[in-house]
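Examining the three-dimensional arrangement
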Amino acid sequence: MNEKQLNRMHSGLGFVAALDQSGGSTPKALKAYGLKGDEWHNDEEMFDLVHQMRTRIITSPAFTSEHILAAILFENTMDRKVEGRYTGDYLWEEKGIVPILKIDKGLAEEADHVKMMKPIPGLDETLERAHRERHIFGTKERSVIYDYDEAGIRKIVDQQFEIAGKVSSHDMVPFIEPEVDIHNPHKEESEKLLKQCFFEHLSKLPDSAKVIFKLTIPTVPDFYQDLMKEKHVVRVVALSGGYTQDHACELLAENHGMIASFSRALAQDLRLQQTDEEFNKTLNSAIEKIYQASIA
């Protein structure tokens, strides 16, 4: 494990940029960026376009380690290059930003009011390659809770920690992400049980294990303060969950010590048609707003 990257993730000022749209979310991201949908005819062309979009973000003079601690990448992005270097190497060597890899393969069908992760074929091989060849620090894996259901929530947390154990065995740090849907009618109750399950699992981890939690901004401000102090927890970061940039930042600022890991809320105003000056100015404004909410 890269100790310099670990220290940065634990105590650095800034937030995590989520640039990991993949599969079904990629067309939505491209259309939000200003493409109509007829610019690509297959997955390869689609991923070429999304890599161009991500490269424009990553290489922007607004995208720096002054405000951004880490960036989450899709596997396809990890295996592509930015200015002649693999994306993870470019991020760390050129920008001083820690590279993270999204490893989940999407969500299974809903059961017990949750969607667990689909199976992840070849996970050990992917983790070994990511760590040894692409110099990735950690991973992110997402599942979703749609309503309070003790059986469903416990199954989600069990799966998250099972995958986290595999990630840790490859000397990487997992981002545990059981998202509580912002429209969950029993969101606060779900978060209470979720946190209880976290502590149950954390108590069983070996002393050397490190995890990062990526969680929906809680209903009760500062609800995760005790989780941040747990010895295995490197950081607690917030997903935007469909909130607008302004609303997500307002809610995040109420949760001291919790930092952003935003995707849509970061890129919502970026457009292909913008000049470089307009693009960089828009990106800089979003980064500054999210940064200020993260250090509040």
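Thresholds, definitions, all that
For every chain, the first residue of its written sequence is number 1, and the numbers climb from 1 along that sequence. Reporting of local features is limited, given that this is a predicted model, to residues whose pLDDT is at least 70; pairs of side-chain atoms are given and counted only at 80 or more, and all residues count toward the totals for whole chains, interfaces and linings. To obtain the side-chain values, all non-hydrogen atoms of the structure were used and water was disregarded. Secondary structure elements follow DSSP: runs of H or I of four or more residues count as helices, runs of E of two or more count as strands, with numbering from the N terminus. Only heavy atoms matter for contacts: two residues are in contact if any of them lie within 4.5 Å across the pair. In this analysis, rings of Phe, Tyr and Trp, with Trp reduced to its six-membered ring, are considered paired at centre separations within 6.5 Å, and the interplanar angle assigns stacked below 30 degrees, edge-to-face beyond 60, and tilted for intermediate values. The classification of residues rests on relative accessible area computed with a 1.4 Å probe and restricted to protein chains. Under 20% of the type maximum is buried, over 50% is exposed, and intermediate values are partly exposed. A ring is considered to have a charge above it if a Lys NZ or an Arg CZ atom is located within 6 Å of its centre and within 35 degrees of its normal.

Attention now moves to the environment of Ala29. Structurally, the position occupied by Ala29 is in helix H2 (residues 25–32). Separated by 235 residues in sequence, Ala29 and Arg264 place their C-alpha atoms 8.1 Å apart. Leaving out residues up to four positions away in the same chain, Ala29 has contacts with Gln21 and Met53.

Right, let's get into the packing of aromatic side chains. To describe a pair of aromatic rings, you give the distance between the ring centres and the angle between the ring planes. Scanning all chains against the criterion turns up four aromatic pairs. Where Phe161 meets Phe213, the ring centres are 6.3 Å apart and the plane angle is 55 degrees; that geometry is what we call tilted. Taken together, the residues Phe161 in helix H7 (residues 150–169) and Phe213 in strand S9 (residues 211–216) connect sequence positions 52 residues apart. Neither residue differs from the other here; Phe161 and Phe213 are each classed as buried. An angle of 35 degrees between the planes, with centres 4.4 Å apart, marks the rings of Phe198 and Phe213 as tilted. Taken together, the residues Phe198 in helix H8 (residues 187–202) and Phe213 in strand S9 connect sequence positions 15 residues apart. For Phe198, a relative accessible area of 0% corresponds to the buried category. Ring-pair connections join several aromatic residues into one group, and the members of that group are Phe161, Phe198 and Phe213. Over the aromatic face of Phe279 sits the side chain of Arg56, whose NZ or CZ is 4.1 Å from the ring centroid.

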